[in-house]
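Observations on the three-dimensional arrangement
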Amino acid sequence: METIIDKSLEELFEEKIANEIRIEPKDWMPDQYRKTLVRQISQHAHSEIVGMLPEGNWITRAPSLKRKAILLSKVQDEAGHGLYLYSAAETLGTSRDQMINDLHSGKAKYSSIFNYPTLSWADIGAIGWLVDGAAIMNQVPLIRTSYGPYARAMVRVCKEESFHQRQGFEIMMTLCNGAPAQKKMAQEAFNRWWWPTLMMFGPKDEESPNTEQSMRWKIKRFTNDELRQRFVDMMVPQAEFLGLTVPDKDLKWNEVKNGYDYGDVDWEEFWNVVKGNGPCNKDRINTRVKAHEEGAWVREAAMAHAEKRARREAEKQVA
Ligand code: BYC
């Protein structure tokens, strides 16, 4: 009997996926669909929160008041993105505490890109231009992802990421049109961030264990390699406009595929960073854990306030 009910529920689920009808929190869904979403959305949320750290390092060192104000609000936007995403993941029945614990214990992943250091002001331009550019390329299709709360969270995230990318490009343009030392700084940052940005899209399709099923469930709309190719094709003309050289000797326009051929990504470096051995992995997690511990009193105070308010409301209703 149970199997019959389960089967019809599964059929209903598959029908919705086929007909582009969003899956909502109270709908039946296969356990594996739920698990994949919790994994992807929570990792995405962690990336937004950990992503605040490399840029946050430059708030006190921004070259002008205007740059400082812009950077401050960008970093705050990333915190907001993390919060929408944790909320979306919570609708799948996982608590925020559990997700945060998984991040702090090293069980959950976050984007490899945030394990690289920000060595100069040009890195802030390069992150905005390249990293947020990659984020947009990856996340605009997620507006059409099959799980409703994730798709809706992505609408606002993408709008803000577009602004972030513009500000990054504008920093790069200012540096590239500045003194030779500034142009050199921009090229140097570009050299360091280009390849790690290509790694953001995940492993090659044939080495990506999750892509096939996620595409079938319309969680992902494009494969890792498809998005990486689109990103390269979008960025090369922008680099040319800035007068920067893409640090890839194998980069070549391919008439037949109507896109660029590009060199081999260093996958050994990628997996090394994903496994926790990148230049800043330990530092990033230690900083997060410390911030979480030092913020405990804020969470306790907010809970006490909420409980007191709820008690007062309940008393009012009884009276
Ligand atoms: N870094 O089968 P695959 C941002 C893992 S935030 C680390 O292809 P999937 C921004 C992957 O999780 C950027 N790990 O997986 C924020 C899997 O391991 P598990 C984050 C990576 O999920 C602030 C294994 O490798 N964006 O943009 O089908 C400021 C095999 O991979 C990475 C998102 O999270 C990586 N780069 O595809 C500025 C977007 N790549 O989980 C910007 C949403 C792969 O099986 N996420 N892994 O243990 C996605 O679109 C997909 O999850 C991915 C990976 C394309 C990232």
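Residues numbered from 1 in each chain as written. Predicted model: local features only at pLDDT ≥ 70, side-chain atom pairs only at ≥ 80, totals over all residues. Heavy atoms only, no water.

Thoughts on the overall build of the protein
To keep things clear, this is the line we draw: Here a strand is any run of E in DSSP of at least two residues, a helix any run of H or I of at least four, and the numbering for each starts at the N terminus. For the radius of gyration, the atoms used are the C-alpha atoms, and the globule rule reads 2.2 Å times the number of residues raised to 0.38. Between buried and exposed lies partly exposed: a residue is buried under 20% and exposed over 50% of the maximum accessible area for its type, with that area taken using a 1.4 Å probe on protein chains only. In this description, contact between two residues means that some pair of their heavy atoms is separated by no more than 4.5 Å. Areas reported here follow the Shrake-Rupley algorithm with a probe of radius 1.4 Å; residue values treat only the protein chains shown as occluding. Charge assignment: positive for Lys and Arg, negative for Asp and Glu; neither His nor the chain ends contribute. Where a charge lies is defined by one atom per residue type, namely NZ (Lys), CZ (Arg), CG (Asp) and CD (Glu).
Of the regular secondary structure elements, the protein holds 13 helices and 2 strands. In terms of overall size, the protein behaves like a compact globule, its C-alpha atoms giving a radius of gyration of 22 Å where 319 residues would be expected to give roughly 20 Å. Here the protein holds 319 residues, and the buried ones make up 47% of them. Put simply, 76% of the contacts in the protein that link residues at least 6 apart link residues at least 24 apart. Only carbon and sulfur atoms are counted for the fraction: they give 55% of the accessible area of the protein, which is about 16900 Å². The averaged location of the 46 negative side-chain charges in the protein is 5 Å from the averaged location of its 44 positive side-chain charges.

A look at the environment of Glu78
What counts here: What qualifies as a polar contact is a pair of N or O atoms within 3.5 Å, subject to a donor-acceptor requirement within protein and to the restriction that residues adjacent in sequence count only when both atoms come from side chains.
Mapped onto the elements of the fold, Glu78 is located in helix α4 (residues 65–90). The buried category is assigned to Glu78, whose relative accessible area is 5%. Once the C-alpha coordinates of Glu78 and Ala45 are considered, the two residues, 33 residues apart in sequence, prove to be 9.2 Å apart. In this structure, Glu78 is in contact with Glu48, Met52, Glu55, Asp132, Glu161 and His164, ignoring residues within four places of it in sequence. At 3.2 Å, the side chain of Glu78 forms a polar contact with the side chain of His164.

As for the nonpolar core
For clarity, the cut-off: Residues belong to a common nonpolar core when they are buried Ala, Val, Leu, Ile, Met, Phe, Trp, Tyr or Cys residues joined through side-chain atoms within 4.5 Å.
Of all hydrophobic cores here, the largest spans 51 residues; its most connected members are Trp129, Leu130, Phe190, Trp193, Trp194, Phe231 and Leu244. With 10 residues, the top contributor of residues to this core is helix α6 (residues 121–139). Aside from chain neighbours lying at most four places away, what touches Trp194 is Leu130, Phe231, Val232, Met235, Val246, Pro247 and Asp248.

Here we look at helix α10 (residues 224–242)
Rules: Each helix should span, by expectation, one fewer than its residue count multiplied by 1.5 Å.
Taking 1.5 Å of rise per residue, 19 residues should cover 27 Å, and α10 covers 27 Å from first to last C-alpha, within 8% of that figure. Every buried residue of α10 is accounted for by Asn224, Leu227, Arg228, Gln229, Phe231, Val232, Met235, Val236, Ala239 and Leu242. A positive phi of about 80° marks Gly243, the residue just after α10.

With respect to the pattern of salt bridges
We apply this condition: The salt bridge definition used is simple: a Lys or Arg side-chain nitrogen within 4 Å of an Asp or Glu carboxyl oxygen.
Within the structure shown, the criterion is met by 19 salt bridges. With its nearest N and O atoms 4.0 Å apart, the salt bridge here joins Lys107 to Asp102. Given the relative accessible area of 17%, Asp102 is considered buried. By sharing partners, the salt bridges in this structure join Glu55, Lys74, Glu78 and Asp132 into a single network.

Brief notes about the side chain of Thr36
Within the fold, Thr36 resides in helix α2 (residues 31–50). Among the residues examined, Thr36 registers a relative accessible area of 8% and is labelled buried. Leaving out residues up to four positions away in the same chain, Thr36 has contacts with Ser214, Trp217 and Ile219.

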